[in-house]
Each structure stands twice: as C-alpha cells, then as structure tokens.
Amino acid sequence: MSPQASDRSDFFRADDIGALECLDASYAQRVFPPHFHEEYVVNALTLGAQSYRHRGGTHRAGVGALVLINPGEVHTGETADARGWAYRGFYPSADFLQRLAADISGDAHARPYFRDTVVLDATLAAGLDQLHRLLRDSQDRLLRESALQRMFGAVLQRHMQVRGQTQAAAPRAVELARQMLADAVSDNLSLQTLAEAAQLSPWQLCRQFRQHFGLPPVAWRNQLRVNRARQLLAQGQTPGAVALSLGFADQAHLTRVFRHTVGLAPAAYQRALGLRR
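Residues numbered from 1 in each chain as written. Predicted model: local features only at pLDDT ≥ 70, side-chain atom pairs only at ≥ 80, totals over all residues. Heavy atoms only, no water.

## Considering the overall build of the protein
The condition is simple: Secondary structure elements follow DSSP: runs of H or I of four or more residues count as helices, runs of E of two or more count as strands, with numbering from the N terminus. Only protein chains enter the accessibility calculation, which uses a 1.4 Å probe; a residue whose area is less than 20% of its type maximum is buried, one above 50% is exposed, and one in between is partly exposed. Contacts were defined at the residue level, with two residues in contact if any of their heavy atoms lie within 4.5 Å. In this description, accessible areas are obtained by the Shrake-Rupley approach with a 1.4 Å probe, and a residue is regarded as covered only by the protein chains that are shown. We count Lys and Arg on the positive side and Asp and Glu on the negative side, and we leave His and both chain ends out. To locate a charge, take NZ of a lysine, CZ of an arginine, CG of an aspartate or CD of a glutamate.
In terms of regular secondary structure, the protein is built from 10 helices and nine strands. Sorting the 277 residues of the protein into buried and exposed places 48% on the buried side. Long-range pairs, those at least 24 residues apart, make up 69% of the contacts in the protein between residues at least 6 apart in sequence. As displayed, the protein offers around 13800 Å² of accessible surface, 49% of which is attributable to carbon and sulfur atoms. Averaged over its 31 positive side-chain charges, the protein has a centre that lies 9 Å from the centre of its 25 negative ones.

Below is the structure:
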C-alpha cells in the first residue's frame, strides 16, 4: 500500500558524534513489507500502536513501549490503532553498541543482543524521546554526546543484560578533563575530545568525572559558565555579550540556564546589583 498524505517521515543523522541515523515518523495507513536493517532498531512509540511480524510471531507496541530489533532480523510494520502510529526511531550501528557494551561491562568481547522485541518502559521511552529532540535541535556536542551515552547505556543495561563493572578511580585523568573544560569554557568541546585526552572511553569519563566532582562533565561545565556569567554581569557586560562570550546558543539560552541556577534572569540579577534600573 502506498503512503497516504497523512504519513510523515523525517530522517536526520548525528554524524558529528557518531554514525547514528534517527527517524521521526507517523503513519496512518502505511504497511512495511518484510525487511531488515544492518543497524540495531530502537523505536519509542509516541502515538497509537504498531503491529509487526518478527521471529515467527506477531507483536503489538503502544505508547510507552520500545520496539527493539537486532541487526539482520526480518520484520514488517503496520498500524494497530485507528489513529495509526508515531515513533521516534534510532538506528545505532553495531560497532557503537558493542563499544559501549564493552566500556560498561569491561568485556571487550561483549555482543549486545535484544532478547525481547517489545518492552514497556515508559521512563526510558520518554528519555529517548527527549534525546531525539536534543540530537535534532542542539549544536552542543558535549551535551548531545553525554545524553547519547547515558540513554543508550540505559538501553544496554536494562534491556540487553549488560552488567556494569566497577572502575578503578582515575583522579588524574578526570582532573585533566576538568582543566580542559575550565580553560576553554566557551568552546564547543566534545565528550570524545575530553575522553581521548584523559585516555578513557566517553562512558568511563562521564562516570569517573561524576564520582570525583559530583557532577557529570556537561553539568560541571554549565555550572562554570553560570559562575563566569555572574562575574561578567557584575562587571556591567550586557546579557547578550555574556551569552556570546561564554558559548551559550543565544541570550535566551543564557537566561534559561541562569534563571534555573541562580533563580533570577541575568537582567534582574544586574538590577539587584544596582547596575540597571
């Protein structure tokens, strides 16, 4: 059956942080014939319900469920609801998930595998929905990479039976990463760049950094940016100039982050200091 006018599928790639294809789709009448992907499939249902044949059975997934399919597994797809179905889909490469599984488990030969194809996990589905929007809309590499590692780490541990391994403390490594962030607080540094300098994997760096400093790298950097913003605002610089100098996307971004941390908007902060009327 050909796609209907109400069908929609928007693809994008996040190649700046990894070979990852993403799909934001909604279908009313479309039927997918038997097919397979060379990547893993991780779909978070956001509307209606989907039905599909897979591993010799027929499966149904609704809102709050994840559709999980391993590379090479043949499956179909069609609606199971009068409204059709919508989902945010991820197609991570086998290499990416294998490396992440090895980092989490400490087993270089880890081969992640989805045993169940439909799981009801509304919390993780909501988190993946947010990740999808972040990968599409944000240019902040550290934020995007950190969220990608966190959410797919949860996928591996909760639905691929990958068990985490306790890591030996690496204080010098995380201090090096912290210093890099402090020295280039306005730069769009990537998690991969920090991890390579610290000689840790991105997953290891995030965990070690949080254990050592109490915050993951992206949250620590954001806090430092706010602290620096307070100093510059107290010197009389305009919020727009401060946002530009510290790597915020724009003044509105600075205002959101500043208000969340300090409790006041930048302009109100300056008024409280007597710098504005």
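Here the narrative resumes, following the displayed structure.
## Re the environment of Arg141
Looking at the element boundaries, Arg141 is found in helix α3 (residues 141-159). If we ignore the near neighbours within four places in the chain, the residues touching Arg141 are Asp16, Ile17, Asn188, Leu189 and Ser190.

## Comments concerning helix α4 (residues 171-183)
We apply this condition: What a helix is expected to span follows from its residue count: subtract one and scale by 1.5 Å.
A rise of 1.5 Å per residue sets the reference length of α4, with its 13 residues, at 18 Å; its end C-alpha atoms lie 18 Å apart and thus fit the reference within 8%. If you check which residues of α4 are buried, you get Ala173, Val174, Ala177, Arg178, Leu181 and Ala182.

## Regarding the UniProt feature "domain: HTH araC/xylS-type" (unreviewed entry) in the protein
Operational definition: UniProt positions are given in the numbering used here, feature names are shortened, and annotations may be inferred rather than shown by experiment.
Mapped onto the present numbering, the UniProt feature "domain: HTH araC/xylS-type" (unreviewed entry) falls on residues 175-272. The span residues 175-272 shows a helical share of 74% and a strand share of 0%, and its end C-alpha atoms are spaced 35 Å apart.

## Concerning the side chain of Ser26
Considering the arrangement of structural elements, one finds Ser26 in strand β2 (residues 20-27). For Ser26, a relative accessible area of 16% puts it in the buried group. Ignoring sequence-local partners within four residues, the contact set of Ser26 consists of Ser6, Asp7, Arg8, Trp85 and Ala86.

## Brief notes about the environment of Trp203
With respect to the helices, strands and loops of the structure, Trp203 is situated in helix α6 (residues 202-213). Given a relative accessible area of 10%, Trp203 falls into the buried group. Here the alpha-carbon distance between Trp203 and Leu191, two residues 12 residues apart in the chain, equals 9.3 Å. What Trp203 contacts, discounting residues up to four positions off in sequence, is Leu100, Asp103, Ile104, Gln149, Gly153, Gln157 and Gln167.

## Focus on the pairing of strand β5 (residues 57-62)
Convention followed: Note on pairing: DSSP must find at least two bridges between two strands before they are called paired.
Here strand β4 (residues 41-54) pairs with β5 via six bridges, running antiparallel. Each bridged residue has a counterpart across the sheet, and for Arg53 the counterpart in β5 is Thr58. Here β4 hands over to β5 after two residues, with Arg55 in that stretch at a positive phi of 55 degrees.

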